[in-house]
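# An overview of the molecular structure
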Amino acid sequence: MSAEHPVVAITGSSGAGTTSVTRTFQHIFRREGLTAAIVEGDSFHRYDRDEMKKAMAEAAAAGNVNFCHFSPEANLLPELATLFEEYGNTGTGRTRRYLHDDEEAAPYGQEPGTFTAWEQIPPGTDLLFYEGLHGAIVTGDADVARHSDLRIGVVPIINLEWIQKLHRDRTQRGYSDEAVMDTILRRLPDYVHHICPQFSQTHINFQRVPTVDTSNPFIARTIPTADESFLVIRFADPKGIDFPYLLSMLHDSFMSRPNVIVAPGGKMELAMQLIFTPMILRLMQRRSLV
């Protein structure tokens, strides 16, 4: 970690809601006049879209039916750890973009599902902001977590995560229910072994818990709304957190444990603004003192 060049990492699985968290951080960066180097976890996948299909087929033929993007072997985790470390030390590092669709691919003259060329992060950014699957992972080959200054987990309870994924993949990607269910089942072992442990490496976790029945996520017609949810905010180290202030600002919130605040789901963006703005400013202050 480096006070001079902070690294912030948002970690959550596909369908967890990390994108909305990223939007909140972008508001903070704009308001505070900060320039962030944005890095998407997808850009550190090992394979492009076509290569991944082949790699999954080869893995299945060899008896590994669970190979997926959650798997460490499907990602360039040592390179991601190197980026975090290099950025912390120098304010730059090597990254690229994964082009998800036609709109993203058009400016590069490439096909969707491919990567751009590797390039250096330009000088002059204030911090690195990562959002993806592996921002707090620790493996035998790579300790990504240790090179970041602020790690945040975004973790809906599993049934809600599945509902969100089902709706997204059906509406945006045209997948059938069976195809989405197959994906969920294939990823489950790596979710347990490689995604869940990261939430013990994070400084703060945001977990959305629905207050409606999600017993069978595969027949849910709608995604539970923010107002139909509670937000469970867990601080790994409660020291220095102004809980009375947060409770007064987050109406109808309460503490369920000495390091956990429970707030109405609709207060998620406000909670993030209140919690992360001072944290980001402290990182910037430390940076100016180096």
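Relevant structure appears above.
Notes on the structure in this doc start here. Position numbers for residues count from 1 along each chain, tracking the sequence in the order it is written. Residues qualify for local features only when their pLDDT is at least 70, as the model is predicted, and side-chain atom pairs are given and counted only at 80 or more; totals for whole chains, interfaces and linings, by contrast, use all residues. Only hydrogens and water are removed before side-chain values are computed, so all heavy atoms of the structure are retained for them.

A word on the side chain of N75. Starting at the N terminus, helices and strands are each numbered in turn, a helix being any DSSP run of H or I of at least four residues and a strand any DSSP run of E of at least two. Relative to the elements of secondary structure, N75 occurs in the loop between α2 (49-61) and α3 (77-90). Any N or O atom pair separated by 3.5 Å or less is treated as a polar contact, with the protein-specific requirement of one donor-capable and one acceptor-capable atom, and with residues adjacent in sequence counted only for side-chain atom pairs. Among the polar contacts made by the side chain of N75, one reaches the main-chain carbonyl oxygen of S71 at a distance of 2.8 Å. Whether two residues are in contact is decided by their heavy atoms: any pair within 4.5 Å suffices. Beyond its immediate stretch of four places on either side in the chain, N75 contacts F44, H45, R46, H69, F70 and H134.

Bringing the side chain of E161 into the picture now. Within the secondary structure, E161 sits in helix α5 (residues 158-171). Despite its burial, E161 remains without a salt bridge, the nearest opposite charge being carried by R187 at 7.3 Å. Within the local environment of E161, its side chain forms a polar contact with the side chain of Y191, the two groups lying 3.4 Å apart. Each residue gets one of three labels from its accessible area relative to the maximum for its type: buried under 20%, exposed over 50%, partly exposed in between, using a 1.4 Å probe on protein chains only. Positive charges come from Lys and Arg alone, negative charges from Asp and Glu alone, with His and the N- and C-terminal ends not counted. Any Lys or Arg side-chain nitrogen found within 4 Å of a carboxyl oxygen on Asp or Glu counts as a salt bridge.

Right, let's talk about α5 for a bit. Between its first and last C-alpha, α5 extends 20 Å over 14 residues, near the 20 Å set by a 1.5 Å rise per residue. Summarising burial for α5: eleven of the 14 residues are buried, a large majority. Among all positions in α5, only N159, L160, E161, W162, I163, Q164, K165, L166, H167, R168 and D169 are buried. For α5, the secondary structure elements touched by its buried residues are α6 (177-195) and β9 (204-210). To estimate how far a helix should extend, the number of its residues minus one is multiplied by 1.5 Å.

This part is about the environment of M272. One can find M272 in helix α8 (residues 268-289). The exposure class of M272 is buried, given its relative accessible area of 1%. Taking the C-alpha atoms as reference points, M272 and M284, twelve residues apart in sequence, are found 18 Å from one another. Ignoring any residue separated from it by four or fewer positions in sequence, one finds M272 in contact with V21, T24, I28, F206 and T277.

Moving on to the nonpolar core. Side chains of nonpolar character tend, in soluble globular proteins, to be buried together. Judged by nonpolar contacts, the single largest core of 34 residues is most densely connected at V8, F25, F206, I275, F276 and I280. Apart from residues lying up to four places away in sequence, F206 is in contact with I152, G153, V154, V155, L231, V232, I233, M268, A271, M272, I275 and F276. Counting 18 residues, the second-largest nonpolar core is a separate cluster that includes A81, I121, I137 and V144. Within this scheme, the nonpolar core is defined by two criteria: the residues are buried Ala, Val, Leu, Ile, Met, Phe, Trp, Tyr or Cys, and they are joined through side-chain atoms within 4.5 Å.

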